[in-house]
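# Fold and geometry: a report
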Amino acid sequence: MSLFEERLADLPLSIDDYALDRLQRDVSSQFTRVSTVIRLRGGGEEGVGEDVTYDAVDHDVLQAAGPVLALAGDRTLGEFCEHLEGLEMWPEPPQREPSRLYRIWGYESAALDLALRQAGTTLHAALGIEPRPVNFVVSLRLGEPATLEPVTSRLERYPSLRFKLDPTTDWTPEIVDALVATGAVDSVDFKGLYEGTIVDSHAGPELYELVVGAFPDAWIEDPKLTEEIDALLRPHRDRITWDAPIHGVADIEALPFPPRMVNIKPSRLGPLRSLFGAYEYCRERGIGMYGGGQFELGPGRGHIQYLASLFHPDTPNDTAPAPYNFTDFPADLPTSPLDPQPHSTGFRWG
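Here's a quick rundown of the structure. (Residues numbered from 1 in each chain as written. Predicted model: local features only at pLDDT ≥ 70, side-chain atom pairs only at ≥ 80, totals over all residues. Heavy atoms only, no water.)

### Focus on the environment of Gly293
Inspection of the secondary structure assignment puts Gly293 in the loop between β12 (288-291) and α13 (299-311). Note: C-alpha distance between Gly293 and His303 (10 residues apart in sequence) is 9.8 Å. Beyond its immediate sequence surroundings of up to four residues, Gly293 is in contact with Lys265, Arg301, Ile304 and Asp318. (Helix = DSSP H or I, 4+ residues; strand = E, 2+ residues; numbered from the N terminus. Contact = heavy atoms within 4.5 Å.)

### Side note on the sheet that holds strand β3 (residues 31-42)
Strand order in the open sheet made by the 3 strands is β2-β3-β4, with antiparallel pairing throughout. Every other strand in the sheet has two partners, leaving β2 (17-27) and β4 (45-51) as the edge strands with one partner each. Adjacent strand axes in the sheet meet at a mean angle of 25 degrees when their direction is disregarded. Relative to β4, β3 is paired through 7 bridges, and the arrangement is antiparallel. Residue pairing for β4: Thr36 is matched across the bridge by Asp51. Strands β3 and β4 of the sheet are contacted by α13, whose axis makes an angle of about 90 degrees with β4. (Pairing = 2+ DSSP bridges. Axes fitted to C-alpha atoms, helices over the stretch in contact; angles between N-to-C directions.)

### Regarding the packing of helix α3 (residues 77-85) against helix α4 (residues 99-119)
When two helices pack together, their arrangement is given by the angle between the helix axes and the distance between those axes. It is at 10 Å that the axes of α3 and α4 come closest, and there the two elements cross at 160 degrees. As judged from the angle between their axes, α3 and α4 are roughly antiparallel. In this structure, α3 meets α4 at a crossing whose hand is right-handed. Between α3 and α4, the residues in contact are Leu77, Phe80, Cys81, Leu84 and Glu85 and Ile104, Tyr107, Glu108, Ala111 and Leu112, respectively. Of the residues that constitute the contact of α3 with α4, the class distribution is 8 nonpolar, no polar and 2 charged. (Parallel < 35°, antiparallel > 145°, perpendicular 65-115°, else oblique. Left-handed = near helix turned anticlockwise from the far one by under 90°. Nonpolar A, V, L, I, M, F, W, Y, C, P; charged D, E, K, R; others polar.)

### Focus on the sheet that holds strand β8 (residues 185-189)
Taken in spatial order, the 5 strands of this open sheet run β6-β7-β8-β9-β10, and their pairing is parallel. Each edge of the sheet is formed by a strand with only one pairing partner; in this case those strands are β6 (138-140) and β10 (240-241). Two elements, β6 and strand β7 (residues 163-165), share 3 bridges in a ladder whose sense is parallel. Looking at β7, one finds that Ser139 is bridged to Lys164.

### Quick look at the pairing of β4
Most of β4 is tucked away, with 5 of its 7 residues classed as buried. Between β3 and the antiparallel strand that follows it, β4, lie 2 residues; Gly43 among them carries a positive phi value of about 60 degrees. (Buried < 20%, exposed > 50% of the residue type's maximum accessible area, 1.4 Å probe, protein only.)

### Structural notes on unusual backbone geometry
Following Glu144, the chain continues to Pro145 via a peptide bond in cis, the omega torsion being -5 degrees. With respect to the secondary-structure elements, Pro145 resides in the loop between β6 and α6 (149-157). Geometrically, the link from Ser336 to Pro337 is a cis peptide bond, its omega value of 0 degrees lying close to zero. Along the chain, Pro337 falls in the segment after α13. Even without being a glycine, Lys191 presents a positive backbone phi close to 45 degrees. Assignment of secondary structure puts Lys191 in the loop between β8 and α8 (205-214). At Phe295, a residue that is not glycine, the phi angle is positive and equals roughly 55 degrees. Its place among the elements puts Phe295 in the loop between β12 and α13.

### Comments concerning the packing of aromatic side chains
Under the counting rule described, the total for this entry stands at 13 aromatic pairs. Clustering of aromatic rings is evident, with ring pairs tying together Phe4, Phe276, Tyr279 and Phe311. Its end group placed over the ring of Trp90, Arg103 keeps NZ or CZ at 3.5 Å from the ring centre. One Lys or Arg, Arg157, reaches over the ring of Phe329 and ends 5.1 Å from the middle of that ring. (Phe/Tyr/Trp six-rings, centres within 6.5 Å; stacked < 30°, edge-to-face > 60°. Lys NZ or Arg CZ within 6 Å of the ring centre and 35° of its normal.)

### Points about the environment of Arg39
Mapped onto the fold, Arg39 is located in strand β3. Placed 68 residues apart in sequence, Arg39 and Tyr107 show a C-alpha to C-alpha distance of 8.5 Å. Setting aside its immediate chain neighbours within four residues, Arg39 contacts Asp17, Tyr18, Ala19, Asp21, Glu46, Gly47 and Val48. Within the structure, Arg39 has its side chain in polar contact with the side chain of Asp21 (distance 2.5 Å). (Polar contact = N/O pair within 3.5 Å; in protein donor to acceptor, adjacent residues only side chain to side chain.)

In short, geometric facts, not functional conclusions.
Printed below as a string of structure tokens:
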């Protein structure tokens, strides 16, 4: 029996109604992030989740339609997930197909929170796993044109910070040398599998050669393995990781070579069964994991930090407290590692 089926699926869940709240904030990647908080209510308790779909218009449509899904009733958590996944959650088709999984995650994470709160327990108690301090990195782009300011301004306030950076075609040898001098880069994310999106780096072999050699100990995420780039990266395969293509176990099995490490991003996997199945698959095969975020503005950030504390606390988790990604980040943020801070009940952190 799987971890989800054994530990979580049979939790009783009673839903009376639900509500949707809008969150909006300018973030460090030079765009305005919009998300929707999902509030499931029942039995005098409330469970919260966050739909992290990227396109603001998808949130506009969802919020205009309101809480129209038939979610009320008494079920187990497993039954609720099956019921939810059979519903049409999109008043209009999404701008991007992966957003369907993000929305499922928003509702099912809220349902998990509510079921645990109604049971008077926590996620770690239900799973029988103690939370541990969470190592994190701050994920950034360096702007257009690229400058060191996003890194140096944060290091001035938080000298021990570690970073996951997105190399772009305007990185120069001087920029790379200055980043090497910081000693603070743990990961480089080429976003080679985001073709046609606003984060497509358009990186060619020259950028890979410049960056990969300069950071010999950094993880290399989502390279675009053209014939030339694949040949260039072959000696570095033990530090190549994957994020964008990972929506479940089948995608890990379909990677071009067995990975040493993968990014298990809860919202990208969507259903709870898929997420916990991926955790089990990687653990059983000795595949390292780290967590990733989607510029969450609300409870979703705590959710990924909580999960990281249980399944992969010691790796370079892209789960920094959300204000690190704000353009006006404050001066009193917690540093890595984050102390365990689950609430007394539910799927809540911080």
